[in-house]
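For reference, the chains in residue letters:
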Amino acid sequence: SDRRTVCFSLSGHISVCLYAYWGESNVVVLTYTPCVFQVSKKDFDGFKKLFHRFLQVKGPSVDWPKIHRPPEDSIQPYDKIAALPLPDSLADSLNKLVVVKLNGGLGTSMGCKGPKSLISVRNENTFLDLTVQQIEHLNKKYNTDVPLVLMNSFNTDEDTKKILQKYTHHRVKIHTFNQSRYPRINKESLLPVATDIGMTGENADVWYPPGHGDIYASFYNSGLLDQLITEGKEYIFVSNIDNLGATVDLNILHHLVSQPNGKRCEFIMEVTDKTRADVKGGTLIQYDNKLRLLEIAQVPKAHVDEFKSVTKFKIFNTNNLWISLGAIKRLQEQNAMDMEIIVNPKTLDGGQNVIQLETAVGAAIKSFDNALGINVPRSRFLPVKTVSDLLLVMSNLYSLEAGSLTMSQKREFPTTPHVKLGSSFTKVQEYQTRFESIPDMLELDHLTVSGDVTFGKQVSLKGTVIIIANHGDRIDIPAGTILENKIVSGNLRILDH
């Protein structure tokens, strides 16, 4: 293979012959307008590094016998941290904090167009509305200036910026920056599928945002990281915008800023106890004397079942992360941010098989000094990935106050019910037409719904409820119905469970 260098032609447009490891006959020419050149050059520089590493790495990135459980003091129980009294100077700590939300995803998995953060989740409030309310509440209560930063992708940036105008008079400064845009690669030839820099027509689906691990480079390249450091900010709290449990936790913040200088923690990962629903989630391990995130994609096939074991690997990463801004700057400038590559296979609409190279934000934990895990309550992990999740957070299981959802005190057991809605409920619009009102679920343990089913007003679900409409049948649950430990079948017979 032949290393290619970047060559520029500065005449009206700027042409770039992509640097890469492709043969002599495969010169990729991308045409830029000058205004996008700087951004695109940074993107391609990043892609070049990632692609170069991809070609060098063969096989699983971990040597299984070298994996050890983390030392006890490297994962602290949340209760121990929460037991410490909070200082009167809490406002000083908050003024060092920036809240960063990962806002690159679309709502397509829930049948919605546009950014996922703009889907209504509770009382007509979107994910973004709730986030702004949470931070505004903090700023008003403690008289602080905690800003919100959104990491958008090229998929979400335009729509997000339009909606931000409505928060002009809220007590939250909102900044945005864009993650990189990388070209998808033909699985067979390992050549980029893109023919030019455009995003329309044939090029509509040949670019992708390269995972949330791109936050470090994009944040640094945007200039926003330096700006926030200049303003006296020291830490970011990063989380997925669809995790409604990821609110600013004052106990964790205090623990972070109260460390002595020599042992100042640069990275905290919130983990929580694994259940059978979380067996694919990344976990923390000790590897080469460093705390490291182990994802299922890195596990040799012979050890996948072992990785999924709830007894051996008892915790998983919530992707709620507290990270030092100064440390990000140092590692970026030293080119020392080390993250494993995730190879994500995709099939384009035309049937072409491609791969996209990604990284995960939590994988960088091993690059930071004095990294720590905190085993937090499950309540800090409340992701809304499906319409089944949406039903839970819209119900009376949760109370809403100042943008934060908390489990209702009226529920006797703090565990979340298991809800599985069938294919008729996949899209938000379909789901909304099937519920005249959200059922009372305070005493629900398990709900399965399959087929053409609708719910009237003020339905109450308790214990285990299974509702299955056979193909061609329809089940309408009448208004005011109480279903407790019942199976409802295709001809509307209601049986005891």
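Quantities reported herein were computed from a predicted structural model and do not represent experimental measurements. (Residues numbered from 1 in each chain as written. Predicted model: local features only at pLDDT ≥ 70, side-chain atom pairs only at ≥ 80, totals over all residues. Heavy atoms only, no water.)

(A) Seen up close, the UniProt feature "binding site: substrate" (unreviewed entry) in the protein. The UniProt record annotates "binding site: substrate" (unreviewed entry) at H212. Within the secondary structure, H212 is located in the loop between β12 (207-208) and α6 (215-222). (UniProt positions renumbered as here; feature names shortened; annotations may be inferred. Helix = DSSP H or I, 4+ residues; strand = E, 2+ residues; numbered from the N terminus.)

(B) Structural detail: the packing of α6 against helix α10 (residues 325-333). It is at 10 Å that the axes of α6 and α10 come closest, and there the two elements cross at 95°. One way to sum up the angle between α6 and α10 is to call them roughly perpendicular. Side by side, α6 and α10 meet where Y216, A217, F219 and Y220 of the first sit next to L325, I328, K329, Q332 and E333 of the second. Class assignment of the residues belonging to the contact of α6 with α10 gives a composition of six nonpolar, one polar and two charged. (Axes fitted to C-alpha atoms, helices over the stretch in contact; angles between N-to-C directions. Parallel < 35°, antiparallel > 145°, perpendicular 65-115°, else oblique. Contact = heavy atoms within 4.5 Å. Nonpolar A, V, L, I, M, F, W, Y, C, P; charged D, E, K, R; others polar.)

(C) Region of interest: the packing of aromatic side chains. Taken as a whole and assessed by the stated rule, the structure comprises 15 aromatic pairs. Seen from their ring centres, F44 and W207 are 6.0 Å apart, and the 65° between their planes marks the pair as edge-to-face. On the criterion of sequence distance, the pair formed by F44 in helix α1 (residues 34-56) and W207 in strand β12 is long-range, its members being 163 residues apart. There is no split in this pair, since F44 and W207 are both buried. Taking the centre distance of 5.8 Å and the plane angle of 40° together, the rings of F307 and F313 count as tilted. (Phe/Tyr/Trp six-rings, centres within 6.5 Å; stacked < 30°, edge-to-face > 60°. Buried < 20%, exposed > 50% of the residue type's maximum accessible area, 1.4 Å probe, protein only.)

(D) Structural detail: empty space enclosed by the protein. Enumeration over the complete set of coordinates arrives at two cavities of 30 Å³ or more. Taken as a whole, the second largest cavity spans an internal volume of roughly 30 Å³. Lining the second largest cavity, in full, are K101, T131, Q134, I241, N243, L244 and A246. Residue composition of the lining of the second largest cavity, by class: three nonpolar, three polar and one charged. (1 Å grid on protein atoms, 1.4 Å probe; cavity = no way out; pocket = protein on both sides within 12 Å on 5 of 7 lines; lining within 4 Å. Points joined across faces, edges and corners; volume = space filled by probe spheres on them.)

(E) Molecular detail of the pairing of strand β8 (residues 148-152). Burial analysis of β8 places five of its five residues in the buried class, the great majority of the element. Here β8 shows a buried face lined by L148, L150 and N152 and a second buried face lined by V149 and M151. Of the pairings in the sheet, the one linking strand β5 (residues 97-103) to β8 comprises five bridges and is parallel in character. Of the residues in β8, the one forming a bridge with K101 is L150. (Pairing = 2+ DSSP bridges.)

(F) Spatial organisation of the sheet that holds β5. Read across the sheet, eight strands follow the order β4-β20-β14-β17-β13-β5-β8-β9 without closing on themselves; strand pairing throughout is mixed. With one partner strand each, in any of the chains shown, β4 (75-77) and β9 (174-178) form the two edges of the open sheet. For this sheet, the mean inter-axis angle between neighbouring strands, taken without regard to orientation, is 25°. Relative to strand β20 (residues 372-375), β4 is paired through three bridges, and the arrangement is parallel.

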